[in-house]
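# Observations on chain architecture
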Amino acid sequence: MRRFAILLLVALGGLSACSDSGPSTPDIPEFLEARSPSDKLAVRFYLSSEGRPTYRVAYYGIIDIQPSHLGFDLKDAPPLEKGFAITGFENRSFDATWELPWGEQREVRNHYNELFVALQEQEAPHRRLDLRFRAYDDGIGFRYEFPEQENLDEVVIMDENTEFRFQYDYECWWIPGDWDIYEHLYQHTKFSEIDALNLEEKQELAQSYIPENAVNTPFTLKQAGKTHLSFHEAALTDYAGMTLRIEPDSLRMVTELVGSAAGHKVRRKVPFSTPWRTIQFASDAAGLIESNLILNLNEPSKIDDMSWFQPMKYVGIWWEMHLGKSSWDRASGRHGATTENAKRHIDFAAENGMGGVLIEGWNTGWEHWIGFEDREGVFDFVTPYPDYDLDEVAAYAKEKGVDIIMHHETSAAPRTYEQQMDTAFALMKKHGMRAVKTGYVGKIIPKGEYHHGQWMVNHYRKVLEKAAAQQIAINAHEPIKDTGIRRTWPNAVSREGARGQEFNAWGAANGNPPNHLPILAFTRLLSGPMDFTPGIFNLKLEPWKENNQINTTLAQQLALYVVIYSPVQMAADLIEHYADQPAFQFIRDVGVDWEQSRVLNAEVGEYVTIAREERGTGRWFVGGITNEKPRELLLRFDFLPPGQRYTCTLYQDGPDAHWNDNPFDLEIVPAFELRADHAALALKLAPGGGFALSLLPVAE
Ligand code: NOJ
Ligand code: CA
C-alpha cells in the first residue's frame with residue numbers, strides 16, 4: 001500500500017506537569033484551541049468555574065456548538081465531571097495521504113490540527129482523564145482517553161454525558177434512538193419537534209427498543225441555506241453504541257449509550273479511549289457526502305493484503321423469498337435454495353458479468369426461524385438441506401468463475417454462531433468462498449443485550465477479526481452501524497443498517513416512500529457502504545405482491561448503483577426479470593470500485609447527483625435521483641479530463657414517467673459522444689425518478 005506522509009509536530013507545553021501525585025498548575029492559557037487547516041473550524045476547550053470540561057465549536061466564526069460539558073456517570077464512584085485542573089496540553093498538526101484497498105475513492109487526505117488536554121481532579125481520588133480534539137476542514141472529532149493511573153483500573157460507565165448545545169432550532173433528519181435496529185423511516189422535523197417516542201408513522205419493527213427521546217446517528221441537521229451538520233461516531237470499538245438524547249426545549253442533546261443486561265453501559269479496563277464523537281460541517285449538502293472525517297479518525301488497516309477480495313455485483317436466491325415465490329425453509333414445499341436453482345443463477349451471473357451469487361436458505365434450521373423464542377442452537381452453518389448439494393454448487397461456480405456468497409442468518413443468537421464460526425469459515429475456505437452475508441434478525445439472546453450495546457459491538461468485531469484471519473469478507477445485516485471500521489478491517493465490505501429495498505416487498509404500509517433514498521444519501525450513507533440491494537425492474541411486484549410496489553421509477557433503480565456506494569452491489573430482482581431488458585445493460589456496465597467520486601448537486605431529502613470514475617478503466621458513471629418532486633437539472637462535464645472523448649448511454653425517465661402512475665417509462669439514449677467541454681446536458685427527472693449515465697472512454 002502506498003503512503004505519503006508529512007508529519008508536523010508542534011508541542012506547546014505543560015505536559016511535563018502531568019503526574020499521579022496530584023495536579024500542579026502549569027502556565028495554561030484561558031482557553032485551548034485547535035483550528036482546522038484552512039481556519040474554517042475552531043474547537044475551543046476550557047474548564048468552567050467549577051472545573052467542568054467544556055468545549056465549543058465555531059464554523060466560519062459562528063458558534064454552532066455552544067459551550068457544552070463533557071463527563072461520565074460511573075458505577076460505585078463519583079461522576080467524572082467537575083473539579084478538574086488542566087495538567088498539560090499539546091498542539092500538533094498532521095497531514096498524510098493514505099489509500100483505500102477498495103472504495104468510493106482511492107486516496108484519502110488526512111489533514112488536521114490536534115489539541116490534546118490532560119486533566120486531573122483537584123481533590124481525592126485525583127482521577128485523571130484526557131481529551132483529544134481534532135479539527136479538520138470538514139469536521140471535528142474528539143474522544144476521551146482514560147490514561148493508566150493508580151486510583152483507577154477499571155471503569156463501569158453508567159452513562160457518558162457529552163453535551164451538544166445549539167443556538168438554532170435546526171431542520172433535522174432523524175431515526176429514533178432504537179437500541180436494536182436502524183430500519184426506521186427517517187423523520188424530517190425541527191430539532192424542537194423531535195419526538196422519537198411518539199412516532200406518527202406506524203413502523204412495525206419486531207426487534208425495536210426505544211427507551212428515550214433519542215436519535216440514532218448519523219444525525220443530520222441544517223440551518224436553512226447555510227451550515228449543514230451531521231453527528232456520528234468513529235472507531236466504535238469495545239464500547240456501547242451512542243444515541244443522542246434530545247432535549248427539544250433547551251436545544252440541547254446529550255449522549256445516551258446503549259445499555260446491557262448488567263445495567264451499565266460500558267465496562268472497560270484502564271487505559272482505554274472512547275470512540276470519537278464526530279461533527280461533520282459543510283456549507284452545502286454535497287460537502288457532507290464528500291467528507292472523509294469518519295474514515296480518517298479510524299486506525300490504519302490491520303490487513304496487509306486485501307487482494308483476495310474483489311468488489312463485485314451479484315445476483316441471488318433472495319428476492320424470491322421476500323416476494324413469497326419460494327421460501328428459506330424446506331418444509332414449506334417451496335424451497336428456493338436447490339442445486340438446480342443455484343446453477344441457474346450461476347449461469348446467469350457468468351453470462352452477465354456478475355461476480356457473485358448469494359444463496360439464502362441453503363442450511364438447516366429455517367423451520368425454527370421467525371417467532372421462535374428459543375433460537376439458541378437452532379441454526380447450523382455447515383449442514384445443507386438435502387436438495388442443496390453444496391459440493392456440486394461450489395464446483396460449478398468455480399468452473400464458471402463465479403463466487404458463491406455464503407449466508408449465515410444467526411437469528412440474533414450470536415453465541416451459537418460463535419461456537420460454529422471456525423468450522424463455518426473453514427467450510428467456506430474449503431470451497432473458495434470469500435464473502436458471507438450475516439444476519440441478526442430478532443431480539444438478542446442472551447436477553448437484555450442489544451444489537452447496539454458493548455456486548456454485541458464486541459461480537460461483530462470478533463466476527464470481522466476471525467473472518468479476516470481466513471480471508472473472508474463480511475456483509476452484515478441487522479449490524480452495528482458503520483463507524484469507519486472498514487479502514488482498519490477492510491474485510492468489513494458492506495452492511496445493511498437502514499431500511500433496505502426488502503421493506504417494499506413486505507406489505508404496502510412498509511414501503512419506502514420516494515423521499516427515502518434522497519434522505520439516506522445524507523444520513524445513513526455518510527457512515528459507509530450499504531447493501532441496499534437496488535435494481536428491481538418488476539416495480540409493481542406482480543403477480544407476487546399485488547398490493548405492494550417499489551416507489552421509484554425504473555431509471556431511479558439504475559441511478560442507485562452510483563448514488564449508493566457499496567463494493568458488493570446486488571442486482572436484486574428475479575433474474576428472469578432481466579431477460580430482454582435493454583436497461584439491464586447499465587447494470588452490466590456500471591463499476592463497483594472507484595478511483596474518485598464527485599457530488600455534482602445535492603439537497604438533503606430532495607435530490608442528489610454523483611459521478612464516479614471506475615478504478616483502472618477511466619470509465620465514468622453518473623447517477624441522479626429525486627424525491628417525489630420532478631426536477632430539471634443541467635449536468636456539466638467539467639469533472640472529465642480535458643480532451644478525452646467518451647461514448648455515452650443515457651437512461652432517463654420517459655416523458656410520462658412517475659413513481660406511482662408510470663414507473664416503467666424509461667428512455668434510453670444510446671451511443672452519443674461527449675467531452676469535458678461539452679455543453680451541459682439538460683435532464684428531466686420524473687417524480688420519484690432519476691437518471692443513469694455511462695461514459696466509456698474512446699480509444700484515440
Ligand atoms: C433480513 C435481511 O435483511 C434479509 O436480507 C435476509 O434475507 C433475511 N433477514 C433472512 O436472513
Ligand atoms: Ca434487515
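Figured I'd write up the structure that's included with this text. Per-chain numbering applies: the sequence of each chain, read as written, is numbered from 1 onward. As a convention, the first chain written is A and the first ligand written is 1, with the rest following in written order. Local features in this predicted model are restricted to residues of pLDDT 70 or higher, and side-chain atom pairs are both shown and tallied only at a pLDDT of 80 or more, whereas totals for entire chains, interfaces and linings draw on every residue. Heavy atoms throughout the structure, all of them, feed into the side-chain values; hydrogens and water do not.

Here we come to the overall build of the protein. Each helix and strand in the protein was counted, giving 10 helices and 37 strands. In this description the radius of gyration comes from C-alpha coordinates, and the expected globular size is given by 2.2 Å times residues to the power 0.38. In terms of overall dimensions, the protein is globule-like: its C-alpha atoms have a radius of gyration of 25 Å, near the 27 Å expected for 700 residues. Its C-alpha atoms give the protein principal-axis dimensions of about 75 × 60 × 50 Å. Whether two residues are in contact is decided by their heavy atoms: any pair within 4.5 Å suffices. Restricting to contacts in the protein with at least 6 residues of sequence separation, those with at least 24 account for 72%. Throughout, the Shrake-Rupley method with a 1.4 Å probe supplies accessible areas, and for residues the shown protein chains are the sole cover considered. Only carbon and sulfur atoms are counted for the fraction: they give 47% of the accessible area of the protein, which is about 25,100 Å². For the purpose of counting charges, residues Lys and Arg are taken to be positive, whereas Asp and Glu are taken to be negative. His and the chain ends are not included. All charge positions are set by atom: Lys at NZ, Arg at CZ, Asp at CG, Glu at CD. Averaging the coordinates of the 68 positive side-chain charges in the protein and doing the same for the 100 negative ones gives two points 2 Å apart. Only runs of H or I of at least four residues qualify as helices and only runs of E of at least two qualify as strands under DSSP, and these elements are numbered from the N terminus.

Taken together, 14 residues form the shell around ligand 1, and within it Glu360, Glu409, Lys437, His477 and Glu502 come nearest. Between ligand 1 and Lys437, the relevant distance is 2.7 Å, taken from an oxygen atom to a side-chain nitrogen or oxygen of the residue. Between Glu478 and ligand 1, the recorded distance is 3.2 Å, taken from a side-chain N or O atom to an oxygen atom. Relative to its free-state accessible area of 290 Å², ligand 1 is covered by the protein chains to the extent of 98%. Any residue that is not Ala, Val, Leu, Ile, Met, Phe, Trp, Tyr, Cys, Pro, Asp, Glu, Lys or Arg is counted as polar, Gly included; the first ten are nonpolar and the last four charged. For the shell around ligand 1, a count of residues per class yields five nonpolar, three polar and six charged. Summary of the distance rule: residues count as near a molecule or strand when at least one heavy atom falls within 4 Å of that molecule or strand. Here a polar contact means two N or O atoms within 3.5 Å. Within protein one must be a hydrogen donor candidate and the other an acceptor candidate, and residues neighboring in sequence count only if both atoms are side-chain atoms.

Protein-derived coordination of the calcium ion (ligand 2) comes from Glu183 (OE), Glu478 (OE), Glu496 (OE), Glu496 (OE) and Glu502 (OE), at a distance range of 2.3 to 2.7 Å. Around the calcium ion (ligand 2) sit six donor atoms, and with donor-metal-donor angles ranging over 51 to 157° the site reads as irregular. Here the donor residues for the calcium ion (ligand 2) map to a single chain with the spacing E-x294-E-x17-E-x5-E. A residue pair is termed long-range when its members are at least 10 positions apart, and Glu478 in the loop between β27 (473-476) and β28 (492-495) and Glu496 in the loop between β28 and α8 (516-520) qualify at 18 residues. For Na, K and Ca the donor cut-off is 3.2 Å, while for other metals it is 2.8 Å, and in both cases only N, O and S atoms qualify; water is not among them, so sites may look incomplete. Here a site with four donors is tetrahedral if all angles are between 85 and 135 degrees, and a site with four or six donors is square planar or octahedral if opposite donors are over 155 degrees apart and the other angles are between 65 and 115; anything else gets the irregular label.

Relative to the elements of secondary structure, Pro534 occurs in the loop between α8 and α9 (554-563). Note on classification: 1.4 Å probe, protein chains only; a residue is buried when its accessible area is under 20% of the maximum for its type, exposed when over 50%, partly exposed between these limits. Since its relative accessible area comes to 0%, Pro534 is described here as buried. When the C-alpha positions of Pro534 and Gly500 are compared, they lie 8.7 Å apart, and in sequence the two are 34 residues distant. Those residues in contact with Pro534 that lie beyond four places of it in its chain are Gln501, Gln557, Leu560, Tyr561, Gln569, Met570, Ala571 and Ala572.

This next bit is on the sheet that holds strand β26 (residues 435-439). The criterion for strand pairing is that DSSP finds at least two bridges linking the strands in question. Pairing is parallel in the open sheet, where seven strands are placed in the order β28-β27-β26-β25-β24-β23-β29. One side of each edge strand has no neighbouring strand; the edge strands of this open sheet are β28 and β29 (568-570). Neighbouring strand axes in the sheet, compared pairwise and without regard to direction, differ in orientation by 30° on average. Judged from the three bridges that link them, β27 and β28 form a sheet pairing that is parallel. Among the inter-strand pairings, Ala476 is bridged to a residue of β28, identified as Arg495. Lines are fitted to the C-alpha atoms to define the axes, a helix being fitted only along its stretch in contact, and any angle between axes, read from their N-to-C directions, falls within 0 to 180 degrees. Sheet contacts for helix α6 (residues 414-430): β25 (403-409), β26 and β27; angle to β25, the most-contacted strand, approximately 170°.

Between α6 and helix α7 (residues 454-469), whose axes approach to 11 Å, the crossing angle comes to 5°. The orientation of α6 with respect to α7, classified from their angle, is roughly parallel. Along the contact surface, α6 presents Pro414, Arg415, Tyr417, Glu418, Met421, Asp422 and Phe425, while α7 presents Trp455, Met456, His459, Lys462, Val463, Lys466 and Ala467. Taken together, the residues of the contact of α6 with α7 sort by class into eight nonpolar, one polar and five charged. The labels follow the angle: roughly parallel below 35 degrees, roughly antiparallel above 145, roughly perpendicular from 65 to 115, and oblique for the rest.

For this document, the term salt bridge refers to a Lys or Arg side-chain nitrogen within 4 Å of an Asp or Glu carboxyl oxygen. In total, this model carries 46 salt bridges according to the counting rule given. A salt bridge links Asp159 to Lys265; the nearest nitrogen and oxygen atoms lie 2.6 Å apart. Here the residue Asp159 occupies a position in strand β11 (residues 154-160), and Lys265 occupies one in the loop between β19 (252-257) and β20 (266-269), the gap between them amounting to 106 residues. Salt bridges linked by common partners bring Asp159, Glu163, Arg165, Arg245, Glu247, Arg252, Glu256 and Lys265 together as one network.

To form a nonpolar core, buried Ala, Val, Leu, Ile, Met, Phe, Trp, Tyr and Cys residues must be joined to one another through side-chain atoms within 4.5 Å. Grouped together as the largest cluster of nonpolar side chains are 176 residues, with contacts concentrated most on Phe219 and Phe231. Ignoring sequence-local partners within four residues, the contact set of Phe231 consists of Ile65, Phe164, Phe166, Thr217, Pro218, Phe219, Leu221, Leu244, Met253, Thr278 and Ile279. Listed in part, the 20 residues of the second largest apolar core include Leu633, Tyr646, Leu650 and Phe672.

One open sheet holds the six strands; their spatial order is β30-β31-β32-β37-β34-β35, and the pairing between them is antiparallel. The open sheet is flanked by β30 (594-603) and β35 (666-675), the only strands paired with a single partner. Sheet twist, expressed as the mean angle between neighbouring strand axes with direction ignored, is 15°. By the bridge criterion, seven bridges tie strand β34 (residues 645-653) to strand β37 (residues 690-697) in an arrangement that is antiparallel. Counted as the bridge partner of Tyr646 is Pro697 from β37. Packed on one face of the sheet, α9 meets β31 (607-614), β32 (620-626), β34, β35 and β37 and runs near 125° to β32.

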